[in-house]
Amino acid sequence: MAFWNKEIETMPRAELEKLQLSLLKKQVRTMYDSSKFIHDRMKAAGLSPADITDMGSFRKMPFMRKTDFRDNYPDGLFIRPYEDLVRLHVSSGTTGKPTVVGYTRKDLDLWAESLTRGMVSFGMTKHDLVQNSHGYGLFTGGLGVHYAAEKLGATVLPASTGNTERQIQLMKDLHVTAFVGTPSYLFHIADTCDKMGVDMRRDTNVRLAIAGGEPWSESMRAKIQDRTGIHIHNCYGASEFNGPSFLECEEQAGLHVWADLCIMEVLDKNGDQCADGEKGELVITMLQKEAFPLIRYKIGDVSALDWEKCECGRTHPRLMMLSGRTDDMLVVRGVNVFPSQIESVIGEIPYLSTFYHITLENENYMDDMTVEVELNESSIADDMVKLGRMARQVEDRLKSALNISTKVRLVLPDTLKRFEGKAQHVTDNRKYD
């Protein structure tokens, strides 16, 4: 069994928790002194850094929520000046305002450290050639994996997204051994291989994959592995606390959450701590982030933690497959989408009414989103060319706001269903079995 940092990865739970508390006290003090946002929140709760003496007192700390990023846009939650930063990433937000995350050099090093530990845990080595098919740019997926693989000593092919036939050709010609991307894109690659007459088992050397950025299931994993012969490992992360951060080991029995980097709590609907293995809402505290720390951030994902020592020998808690959300956020082709973002765009277009509906499908596990919007009475047109142009305008505006493409159908007034209570704007027909 290989380890990247065996001393830390196999540290007994009692020692890990002692280390967590030490790092936590330091982080709380830093944020209290450096962040007006945290300082004011703690004072309002009657807390000072000296009050945080154990995990019980730490759990009196106020929660952070997604709305805090919006209210402090763009950089009100940074606690380091720009001269200390080496990178910014930007992700989608709840109402059109994105979340901007800053990174110091240490932040990037620890992000790479987290992923590198995970890569080693399922058998990646410096001898691997890694085809990274996550997007490179404002989102965090591509660059996080890129630098972690380089830290490991592996060779990285920064393929990014799209141009699937060329990706398959490179996969064959360069003898790629590891793939990184969304599970739906890996399925799409398999479909394209069939059309090209390429047998992934026979014609490529890909043996391992990291698949994340969107919901998927164990049955979907089994189907991909059976079809491609690739051993596929889940990934979890979010831009707010780095990007993709935690990976499964070769046992595929949960994602190892490194306790020296993160405290992950699981809370029930009453806000109480869940027992090991019990599902609840995840709450994230980053212990060593410098530029953009998080204290008790309610991320909205639902899952469970297991502290039992893994068969691989690692002692850190394991995060189980996500089983839902506590808010209305959708993950579409690896991108976070909020209906409120779509509503905001619709409200800016004069020929549209306020009534809309989102339908999600995933033929062969590739997400497809259709937005139906009612026209205003004054905007009804018999000219199909004009209607098509109007629909394309809405598609362009949505793509600019969401960073993904959508299909738009313009419908007549009073076409969409009305609701007496809370409107139901989303029909999710995606299946992951």
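Along each chain, the written sequence defines residue order, and numbers are assigned to residues from 1. Local features in this predicted model are restricted to residues whose pLDDT is 70 or higher, and side-chain atom pairs enter the listing and the counts only when it is 80 or higher, whereas totals over whole chains, interfaces and linings include all residues. Based on all heavy atoms of the structure, the side-chain values leave hydrogens and waters out of the count.

J.: In this structure, what is going on with the side chain of glutamine 167? I would like to understand it.
T.: Numbered from the N terminus, helices here are DSSP runs of H or I no shorter than four residues, and strands are runs of E no shorter than two. Note on placement: glutamine 167 falls in helix H8 (residues 164–173). Each polar contact in these results corresponds to two N or O atoms within 3.5 Å; when the atoms are within protein, one needs to be able to donate a hydrogen and the other to accept it, and residues that are neighboring in sequence are counted only if both atoms are side-chain atoms. In this structure the side chain of glutamine 167 is engaged in a polar contact, spanning 3.1 Å, whose partner is the backbone oxygen of glycine 162. The contact criterion used is simple: two residues touch if any of their non-hydrogen atoms lie within 4.5 Å. Here glutamine 167 is in contact with Gln131, Ser133, Ala159, Ser160, Thr161, Gly162 and Tyr185, once residues within four sequence places are set aside.

J.: Please clarify how the pairing of strand S6 (residues 208–211) should be interpreted in this entry.
T.: Every other side chain in a regular strand lies on the same face of the sheet, so the side chains alternate between the two faces. Side chains Leu208 and Ile210 project from S6 onto one buried face, and the interleaved Ala209 and Ala211 project onto a second face that is buried too. Of the strand pairs in this sheet, S6 and strand S7 (residues 231–238) are connected by four bridges, and their pairing is parallel. From the neighbouring strand, leucine 208 faces S7, where its bridge partner is histidine 231. By definition, the crossover connecting two strands over a helix is right-handed if that path, from the first strand to the second, turns clockwise as seen with the strands pointing away from the viewer. You can see the chain leave S6, run along helix H11 (residues 218–228) and come back into S7, and the turn it takes is right-handed. When a residue's accessible area, from a 1.4 Å probe over protein chains only, is under 20% of the maximum for its type it is buried; when over 50% it is exposed; and in between it is partly exposed. When DSSP locates at least two bridges between a pair of strands, those strands are taken to pair.

J.: Teacher, can you tell me more about the pattern of salt bridges here?
T.: Between side chains of opposite charge, a pair can form when the charged atoms approach closely. The salt bridge criterion pairs a side-chain nitrogen of Lys or Arg with a carboxyl oxygen of Asp or Glu, the two atoms within 4 Å. Inspection of every chain in the model, using the stated rule, returns 27 salt bridges. In this structure, the salt-bridge partner of arginine 80 is aspartate 84, at a minimum N-O distance of 3.7 Å. Note on arginine 80: relative accessible area 32%, which makes it partly exposed. Take aspartate 84: its relative accessible area is 33%, and that puts it in the partly exposed class.

J.: Whenever I open this one, the side chain of aspartate 128 confuses me. Can you help?
T.: Within the fold, aspartate 128 resides in the loop between helix H6 (105–121) and strand S3 (129–132). There is a polar contact of 2.6 Å between the side chain of aspartate 128 and the side chain of threonine 177. A polar atom in the side chain of aspartate 128 sits 2.8 Å from the side chain of arginine 207. Contact partners of aspartate 128, with chain neighbours within four places excluded, come to Gly123, Ala154, Thr155, Thr177 and Arg207.

J.: I keep staring at the environment of histidine 316 and nothing clicks. Help me out?
T.: Within the secondary structure, histidine 316 sits in the loop between strand S13 (305–306) and strand S14 (318–319). Histidine 316 gets classed as buried once you look at its relative accessible area, which sits at 0%. Spatially, the C-alpha atom of histidine 316 lies 8.0 Å from that of leucine 16, the residues being 300 residues apart in sequence. Look past the residues within four positions of histidine 316 in its chain and what remains in contact with it is Ile8, Glu9, Leu16, His256, Val257, Trp258, Ala259 and Asp260. At 2.7 Å, the side chain of histidine 316 and the backbone oxygen of isoleucine 8 are in polar contact.

J.: Looking at this structure, I do not really get helix H9 (residues 183–196). What am I missing?
T.: The periodicity of an α-helix, 3.6 residues per turn, causes residues three or four places apart in sequence to face the same way. The span one expects for a helix is its residue count, reduced by one, times 1.5 Å. The end-to-end C-alpha distance of H9 is 20 Å, a good match for the 20 Å that 14 residues give at a rise of 1.5 Å each. With 10 of 14 residues buried, H9 is to be regarded as a mostly interior element. Within the span of H9, buried status applies to Pro183, Ser184, Tyr185, Leu186, Phe187, Ile189, Ala190, Asp191, Thr192 and Cys193. Downstream of H9 by one or two residues, glycine 197 has phi in the positive range, about 75 degrees.

J.: For this particular structure, what's the right way to read the packing of aromatic side chains?
T.: Between two aromatic rings, the relevant description is the distance of the centres plus the angle of the planes. What counts as a ring pair is set by centres within 6.5 Å for rings of Phe, Tyr and Trp (its six-membered ring), and what kind of pair is set by the plane angle: stacked under 30 degrees, edge-to-face over 60, tilted for all other angles. Counted according to the given criterion, the structure contains seven aromatic pairs. Taking the centre distance of 5.6 Å and the plane angle of 35 degrees together, the rings of phenylalanine 69 and phenylalanine 292 count as tilted. Residue phenylalanine 69 is located in helix H5 (residues 66–71), and its partner phenylalanine 292 is located in the loop between strand S11 (280–286) and strand S12 (297–303); the two are separated by 223 residues in the primary sequence. Exposure class is identical for phenylalanine 69 and phenylalanine 292. Each is buried. Through pairs of rings, three or more aromatic residues link up here, namely Phe69, Phe78, Tyr82, Phe292 and Tyr297. When the ring centre of tyrosine 103 is taken as origin, the NZ or CZ atom of lysine 289, which lies over that ring, is 5.2 Å away. Residue placement shows arginine 296 over the ring face of phenylalanine 58; its charged tip is 5.7 Å from the ring centre. Charge-over-ring placement is defined geometrically: NZ (Lys) or CZ (Arg) within 6 Å of the ring centre, and within 35 degrees of the ring normal.

J.: When you look at the pairing of strand S10 (residues 262–267) in this model, what are you seeing that I'm missing?
T.: Summarising burial for S10: six of the six residues are buried, a large majority. Taking every second residue as pointing to the same face, both faces of S10 are buried, with Cys262, Met264 and Val266 on one and Ile263, Glu265 and Leu267 on the other. Pairing between S10 and S11: six bridges, direction antiparallel. Within the sheet, the bridge partner assigned to cysteine 262 lies in S11 and is methionine 286.

J.: Please clarify how the sheet that holds strand S5 (residues 178–181) should be interpreted in this entry.
T.: Strands in a sheet are paired, the pairing made by backbone hydrogen bonds, and the direction either parallel or antiparallel. Read across the open sheet, the six strands follow the order S4-S3-S5-S6-S7-S8; overall the sheet is mixed. With partners counted over all chains shown, the strands left at the sheet margins are strand S4 (155–157) and strand S8 (243–247), one partner each. Adjacent strand axes in the sheet meet at a mean angle of 25 degrees when their direction is disregarded. In the sheet, S5 pairs with S6 via four bridges, with the strands oriented parallel. Bridge pairing in S6 links alanine 178 to leucine 208. Inter-axis angles, ranging from 0 to 180 degrees, are taken between N-to-C directions of lines fitted to C-alpha atoms, where helices are fitted over the stretch in contact. Taken strand by strand, H9 contacts S5, S6 and S7, and its axis lies near 125 degrees from that of S5.

J.: What's the story with a negative patch on the surface in this structure? I'm lost.
T.: Together, Glu250, Glu251, Glu308 and Glu311 give the surface a local cluster of negative charge. When you line up the elements, glutamate 250 lands in the loop between S8 and strand S9 (255–256). The patches reported here contain residues having more than 30% relative accessible area and no salt bridge. Joining distances are 9 Å for like charges and 5 Å for nonpolar side chains (Val, Leu, Ile, Met, Phe, Trp, Tyr). Working definition of accessibility: Shrake-Rupley area with a 1.4 Å probe, residue cover restricted to the visible protein chains. Counted as positive: Lys and Arg. Counted as negative: Asp and Glu. His and the chain ends are not counted at all. A charge is said to be at NZ when it belongs to Lys, at CZ for Arg, at CG for Asp and at CD for Glu.

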